[in-house]
Amino acid sequence: MIRSLAAPVGLVSVVLGLGCGAGPSTRAPSDGGAPDPCSQLHRAISRWQGDATEYLQCGPDVTGLLELTAIGYHQLVARRRFSTPYELWAPGASGALADDPIPVAPLTGGLTAGVAFLPGPTPRMFAYDPLETAWRVFPTVQAPPPGSGWVGSSQTGHWLTGSFHAGRPGPAGHQLLGLEDGQLLDRDLGDGTTRVWKIVEADGSVDIQLVPGLGGGPRDELARGHRVVPLGSGRLLEWLPRACDDSSASPAARDCAAYRV
């Protein structure tokens, strides 16, 4: 099933395991009640009680899941958050991914919490830590030798003061998705509010600026638990993973497979 991703890996970022962290969610349910708790303890209790509805509201636990990120040149990097080494998956002459992935050096010691693919003629990676003001931009490398880095030299910038929630210097509680032309979709996982940042380069340095007129207010479709993948040409694919009824005659079977573009 993973091998079928070989063709489009230069176009989109495939990330397995996006969800909430150890802190509580700030998103209120659609009925206007209290915010949904999303702590690790609540997640474990919901699973033990067999309450799939509450468990899915939190999204999956990302601590042990493998993330696959497209980096351009028909390559994928596989990583577990806060662990090393990374693995580079690349297709062979037949188009199938190689059986033996290539170990590659991690970004910033393997502790980078967020990575977004920036498509373009020279593919780049945007790396950030949710609790830090600094971020980095790396050009990716085509077919690096085993054990070497899969990115080139980085350029570093900093978020503007007050860009995110009070008391958070970095984008904690946000997901950043790479778009065309060096732009990033900033998605607040709490309420689904969106903004667009643009990476600006001048005189050998980089900066990041908000793009006016783009983004939107709270939307449940873009809040925590929903999956969002850029499709290119100004479109996003969004879906909500749900347990499906195996019966094809069940109306729920279609509801659980719903998606939006």
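Residues numbered from 1 in each chain as written. Predicted model: local features only at pLDDT ≥ 70, side-chain atom pairs only at ≥ 80, totals over all residues. Heavy atoms only, no water.

Colleague: I'd like to hear about the overall build of the chain, residue by residue, with values.
Modeller: In terms of helices and strands, the chain carries three helices and 15 strands. By sequence separation, contacts in the chain at least 24 residues apart represent 45% of the contacts at least 6 residues apart. Total accessible area on the chain stands at roughly 13700 Å², and carbon and sulfur atoms take up 57% of it. (Helix = DSSP H or I, 4+ residues; strand = E, 2+ residues; numbered from the N terminus. Contact = heavy atoms within 4.5 Å. Areas by Shrake-Rupley, 256 points an atom, 1.4 Å probe, with all protein chains shown as cover.)

Colleague: Quick one: what's the story with the sheet that holds strand β9 (residues 174–178), residue by residue and with numbers?
Modeller: Read across the open sheet, the four strands follow the order β9-β10-β11-β12; overall the sheet is antiparallel. Across the chains shown, the open sheet's two edge strands, defined by having one partner strand only, are β9 and β12 (205–210). Across the sheet, the mean angle from the axis of one strand to that of its neighbour is 25°, orientation sign disregarded. Pairing between strand β11 (residues 194–202) and β12: six bridges, direction antiparallel. Its bridge partner lying in β12, Glu 201 is registered against Val 206. (Pairing = 2+ DSSP bridges. Axes fitted to C-alpha atoms, helices over the stretch in contact; angles between N-to-C directions.)

Colleague: I'd love a proper account of the pairing of strand β7 (residues 134–139), names of residues and values included.
Modeller: Pairing of strand β6 (residues 124–128) with β7, which is carried by five bridges, proceeds in the antiparallel orientation. From the neighbouring strand, Phe 126 faces β7, where its bridge partner is Val 137. Two successive antiparallel strands, β6 and β7, enclose a turn made up of five residues. Relative to strand β8 (residues 155–158), β7 runs antiparallel, the two sharing four bridges. For Ala 134, the partnering residue across the bridge sits in β8 and is His 158.

Colleague: Mind laying out the sheet that holds strand β3 (residues 86–89), listing which residues take part and the relevant values?
Modeller: For sheets, the rule is that strands pair by backbone hydrogen bonds, running either parallel or antiparallel. Pairing is antiparallel in the open sheet, where four strands are placed in the order β1-β2-β3-β4. A strand with exactly one partner marks an edge of an open sheet, and here the two such strands are β1 (67–72) and β4 (102–104). Sheet twist, expressed as the average angle between the axes of neighbouring strands with direction ignored, equals 35°. With five bridges joining them, β1 and strand β2 (residues 75–79) adopt antiparallel strand pairing. For Gly 72, the partnering residue across the bridge sits in β2 and is Gln 75.

Colleague: Lay out the pattern of salt bridges with the relevant residues and their values.
Modeller: Between side chains of opposite charge, a pair can form when the charged atoms approach closely. The tally for this structure, following the rule as stated, stands at five salt bridges. One salt bridge connects Glu 201 with Arg 124, and the closest N-O pair in it is separated by 2.7 Å. Residue Glu 201 is found in strand β11, and its partner Arg 124 is found in strand β6; the two are separated by 77 residues along the sequence. Arg 195 serves as the salt-bridge partner of Asp 186, at 2.8 Å between the closest nitrogen and oxygen. The exposure class assigned to Arg 195 is partly exposed, which follows from its relative accessible area of 22%. (Salt bridge = Lys/Arg side-chain N within 4 Å of Asp/Glu carboxyl O. Buried < 20%, exposed > 50% of the residue type's maximum accessible area, 1.4 Å probe, protein only.)

Colleague: Can you tell me about the side chain of Asp 186, naming the residues and giving the values?
Modeller: You can see Asp 186 is positioned in strand β10 (residues 183–188). There is a polar contact of 2.7 Å between the side chain of Asp 186 and the side chain of His 174. Residue contacts for Asp 186: discarding those within four places in its chain leaves Phe 164, His 174, Gln 175, Leu 176, Thr 193, Thr 194, Arg 195 and Trp 197. (Polar contact = N/O pair within 3.5 Å; in protein donor to acceptor, adjacent residues only side chain to side chain.)

Colleague: Can you explain the pairing of β1? Please cite residues and give values.
Modeller: With respect to burial, β1 is a largely interior element, six of its six residues being buried. Connecting β1 to the next strand, β2, in antiparallel fashion are two residues, including Tyr 73 with a positive phi near 55°.

Colleague: Please provide a residue-by-residue account of the nonpolar core, values included.
Modeller: Phe 126, Trp 135, Trp 159, Leu 184 and Ile 208 are the most contacted members of the largest nonpolar core, which has 14 residues in total. Those elements that place two or more of their residues in this core are β5 (114–118), β6, β7, β11 and β12. Not counting the four nearest positions on each side in its chain, Leu 184 is found in contact with Ala 116, Leu 118, Phe 126, Leu 176, Leu 177, Gly 178, Leu 179, Arg 195, Val 196, Trp 197, Ile 199 and Ile 208. The next biggest cluster of nonpolar side chains, apart from the first, holds 13 residues, and it includes Tyr 86, Leu 88, Ala 127 and Val 151. (Core = buried A, V, L, I, M, F, W, Y, C linked by side-chain atoms within 4.5 Å.)

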